[in-house]
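Coordinates in review
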There are 2 protein chains.
Amino acid sequence: MEYQNLRVNGRRLQESLEEMARIGATEGGGVHRLALSEEDKQARDLFVKWLQEIGLKVTIDDMGNIFGRRPGKKDDLPSVMCGSHIDTQPKGGRFDGILGVMGGLEVLRTLNDNEIETLRSIVVANWTNEEGTRFSPPMAGSGVWTGKLDKHWIYDRTDMQGKKFGEELERIGYKGNILSKPDPIYAYFEYHIEQGPVLEKENMIIGAPEGIVGMRWCDVYVSGTANQVGPTPMEGRNDALCAAAEMILTINALPQKMGGNMVATVGEIHNFPNSRNIIPDHVHFTVDIRSWDDDRSQSAWIDAKENFQAIANRRGCSVRIEETWQVDHMPFDQRLVTRVLDTAQQLGYPVLKMRSGAGHDAGYLSMVAPTAMIFVPSIGGRSHVEVENTKWEDCESGANVLLQCMLQCAIEA
Amino acid sequence: MEYQNLRVNGRRLQESLEEMARIGATEGGGVHRLALSEEDKQARDLFVKWLQEIGLKVTIDDMGNIFGRRPGKKDDLPSVMCGSHIDTQPKGGRFDGILGVMGGLEVLRTLNDNEIETLRSIVVANWTNEEGTRFSPPMAGSGVWTGKLDKHWIYDRTDMQGKKFGEELERIGYKGNILSKPDPIYAYFEYHIEQGPVLEKENMIIGAPEGIVGMRWCDVYVSGTANQVGPTPMEGRNDALCAAAEMILTINALPQKMGGNMVATVGEIHNFPNSRNIIPDHVHFTVDIRSWDDDRSQSAWIDAKENFQAIANRRGCSVRIEETWQVDHMPFDQRLVTRVLDTAQQLGYPVLKMRSGAGHDAGYLSMVAPTAMIFVPSIGGRSHVEVENTKWEDCESGANVLLQCMLQCAIEA
């Protein structure tokens, strides 16, 4: 390892993260920086300014993806890329997404400080609308770039106020002239917080996911009969909320029933007419099932659907199920995962081979390029909330792993 | 029975109900006429116009309660009163409330047509904001009139848009100059749809409730821990929605567990952050428990609270309970209930002694005057919904019972 003593500037990385955290800062200590909002624009402007300050060529594609490129000696070789996202959840945290973007910037700053020339060019990317909460679906920028989502369909997606993605992208000045499509990539790394409690619990500093679990999203609609609560005897009621409550507990019990490391969650529920003294007649709730084992996930869902029908029948309700979205598990590149594991060990950081329970832009990237991720611990496992936190020294450690992994790839012929 | 062959004009009653149903008519065939809205004002104006057309003295008190008075020969004797309400639930039905007001009007029209003089004066009342869905609490007009609710507290109650009750009352021109307080009442009758399935199921035309069941309203707040669903293992989750789902099923099972004719319902639920891929950390839901047996209701609630605590503990959540409102069962006047039963039988209508599962202005009235109610069947037991319906001939039968009961009282010394 030619540059094995090279390290990032942890203090500078912290300061960059702190400055970014001011854009969309919430009273509760988090960040509210929704995709294509005014805050997203401000943070993008700052990122672009920082890229230009270290002399990088910045390009912006017609999905608003931002790329800062540090040329290599053989610039025609496939490049080494890292990236993540600037946007956050509503009242989200200070690390989710932005750590990977600032981590990549810090790698490039470190290479510049040390006047290191690489064979391959190195690129840091910000992917547009990773979170997908303002505009569904998530990972829109990387999805289009990798050819897996249709750009014009994404342009037409609307937020809750009816504003279109394409128009908002133009409004904030980030609809670039370059066609969104993949360049040849030698290796893609995404540096991210774990967003779960495993690394902290196991006293690890680095996580090396071997891939992303498969996911399925479903929407369930239960219908019963509305009536005044007082004069309607319990017998003969068709209470849609009671049926939904049983279904929610069925979903919660699925992982234990099916075995494996499955998780299953109902995060969202809408009850109608939602009045204290009227028996609910319509409930809509969501189901999110995740597992590395796609077959097990499929069996679980079939089991759940049968249970839903039985519960609805027993309670005199009807149930309609929409299978909204589904993606199989996505394994990362074995060679790159091993590189993350080995690099962390060489740097003296306790490292755990694991799986990512959350979706990331790395999922789409893995379909067009050798891909791996680098995780650092989330304090208390908290994420997508204002108190989301990661120790500054862990942020630095993760960036050092990113630096070394990218550098190793970038000097390989 | 001096006037035992006297009958109301069923056709005229139907036409009045149909004309009222046009004010706030919904596409689904119901009525949306919230308290102190423009529609409430229009329907009040029409009611006042009809009262004046038959020469009645109309008074409006400072709660917006409307009284049409037909003087008796001895006008200083306590009067015979009937009443109900013009306001409806959001997207409510064409009969709830308005049937009792139009029924009372029809009684007075019939007495006029037949030039019948009574000893006591007869009064028909419209009570303001019975429903309580725009402005909580329900039965505000009769509550203040009977001295059980504070007028200035009611004036300050706000709707979802922050508009004050008192200001809205003034805006629609129904804040009268007369102080809202009870006159001496010899007998109060409230004619209403059953809002439940019992009369229809038992093939009855008239219901004579012996009183109103006791009710308690509670608000339950469950708190857990929000986290990204994917990376958070099932073990160690504190899912507030799963805890709430268990609690909802506990409430649903209470009546069978406790016995008696109790009903227990969760009608309203709010889930936070209510995002598909975040474990819910806050749930607020309502509980409504009703029973004729106040002790049983009390025991049920103690049992439920213990269960809530156990569920919360088991799921690593906390629970906070607000006991929002409670009222014991309210028995009506035995003599008047018997009068309703006897009168229905004399008129040849199958009649059932029963209990009211819903609250009514009659509840407050029973605290200051001998009170009874007259129920007619709800088709399919449906109420508080657009398809709420009652046969026209049943509307006529109920009005005949009201006519005979009021007349008997009004000619008594």
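Residues numbered from 1 in each chain as written. Chains lettered and ligands numbered in written order. Predicted model: local features only at pLDDT ≥ 70, side-chain atom pairs only at ≥ 80, totals over all residues.

1. Things to note about the overall build of chain A
Broken down by element type, chain A carries 12 helices and 14 strands. Rg of the C-alpha trace for chain A: 23 Å, near the compact-globule value of 22 Å for 413 residues, within the 12% margin. Projecting the C-alpha coordinates of chain A onto the three principal axes gives extents of approximately 80 × 45 × 40 Å. Long-range contacts, defined here as pairs at least 24 residues apart, represent 79% of the contacts in chain A between residues at least 6 apart. (Helix = DSSP H or I, 4+ residues; strand = E, 2+ residues; numbered from the N terminus. Rg over C-alpha atoms; globule rule 2.2 N^0.38 Å. Contact = placed C-beta atoms within 7 Å.)

2. Re helix 1 (residues 10-21) of chain A
Residue and element names in this part refer to chain A. Counted at 1.5 Å a residue, the expected span for helix 1 with its 12 residues is 16 Å, and the 16 Å between its end C-alpha atoms agrees. Residues of helix 1 that are buried include every one of Leu-13, Ser-16, Leu-17, Met-20 and Ala-21, and no others. Considered in projection along helix 1, the buried side chains sweep an arc of 135° and stay on one side of the axis. Counted as exposed and oriented over 90 degrees from the buried face of helix 1: Arg-11, Glu-15 and Glu-18. Along its buried surface, helix 1 packs onto helix 2 (38-53), helix 3 (98-113) and helix 12 (392-410). (Expected span 1.5 Å × (residues − 1). Buried ≥ 20, exposed ≤ 12 C-beta atoms within 10 Å, placed from the backbone. Arc of directions from axis to C-beta.)

3. Details of the domain arrangement of chain A
By a widespread convention, an interface's size corresponds to the accessible area lost as its parts come together. All names here are of chain A. Partitioning chain A into domains gives domain 1 (10-213 + 329-410) and domain 2 (215-327). A C-alpha centroid distance of 35 Å is found between domain 1 and domain 2. At the interface, five residues of domain 1 touch six residues of domain 2. Looking at side-chain class alone, the side of domain 1 that touches domain 2 contains one nonpolar, three polar and one charged residues. (Domains from an automatic or database assignment. Nonpolar A, V, L, I, M, F, W, Y, C, P; charged D, E, K, R; others polar.)

4. Digging into the environment of Leu-108 of chain A
Residue and element names in this part refer to chain A. Mapped onto the secondary structure, Leu-108 falls in helix 3. On a C-alpha basis, the gap between Leu-108 and Ile-193 in space is 20 Å, while along the polypeptide they are 85 residues apart. Beyond its immediate sequence surroundings of up to four residues, Leu-108 is in contact with Ile-54, Leu-56, Gly-68, Arg-70, Ile-122 and Val-124.

5. Quick word on the packing of helix 10 (residues 334-346) of chain A against helix 12 of chain A
When two helices pack together, you describe them by how their axes are tilted relative to each other and by the distance separating the axes. All names here are of chain A. One way to put it is that helix 10 packs onto helix 12 with a least axis distance of 9 Å and a crossing angle of 125°. On the basis of the axis angle, helix 10 is oblique to helix 12. Every pair of crossing elements has a handedness; the one defined by helix 10 and helix 12 is right-handed. Within the contact between the two elements, helix 10 uses Arg-339, Val-340, Thr-343 and Ala-344 and helix 12 uses Val-401, Gln-404, Cys-405 and Gln-408. Looking at the contact of helix 10 with helix 12, its residues break down into four nonpolar, three polar and one charged. (Axes fitted to C-alpha atoms, helices over the stretch in contact; angles between N-to-C directions. Parallel < 35°, antiparallel > 145°, perpendicular 65-115°, else oblique. Left-handed = near helix turned anticlockwise from the far one by under 90°.)

6. Concerning the relation of the copies chain B and chain A
Put simply, the second copy of the chain is the first one after a rotation about an axis and a shift along it. Overlaying chain B with chain A gives an RMSD of 0.2 Å, the required rotation being 179° about an axis along which the chain moves by 0.1 Å. What the superposition gives is, in effect, a two-fold axis relating one chain to the other. Closest to the rotation axis within chain B is the C-alpha of Ala-245 of chain B, separated from it by 2.3 Å. A shared interface surface links the copies, since 100% of the contact residues of chain B are contact residues in chain A too. (Least-squares fit on C-alpha atoms with pLDDT ≥ 70 in both.)

7. Considering the nonpolar core
Core analysis: the largest hydrophobic core is formed by 84 residues, its most contacted members being Val-107, Phe-189, Ile-206, Val-340, Ile-374, Leu-402 and Met-406 of chain A. Among the elements that take part in this core, helix 12 of chain A stands out by supplying 10 residues, more than any other. Every residue in contact with Ile-206 of chain A, bar those within four places of it in the chain, is listed here: Ala-344, Tyr-349, Val-351, Ile-374, Phe-375, Val-376, Ser-397, Gly-398 and Val-401 of chain A. By size, the runner-up hydrophobic cluster in this structure holds 83 residues, among which are Ile-23, Leu-108, Ile-154 and Val-351 of chain B. (Core = buried A, V, L, I, M, F, W, Y, C linked by C-beta atoms within 7 Å.)

8. Considering the pairing of strand 6 (residues 206-212) of chain A
Residues and elements named next belong to chain A. Among the seven residues that make up strand 6, seven are buried, leaving the element largely enclosed by the rest of the structure. In terms of strand pairing, strand 6 meets strand 13 (residues 351-356) through five bridges, oriented parallel. Note that in strand 13 the partner of Pro-209 across the bridge is Met-354. Relative to strand 12 (residues 330-331), strand 6 runs antiparallel, the two being bridged by two bridges. Residue Ile-212 lies in a different strand from strand 12, and its bridge partner there is Met-330. (Pairing = 2+ DSSP bridges.)

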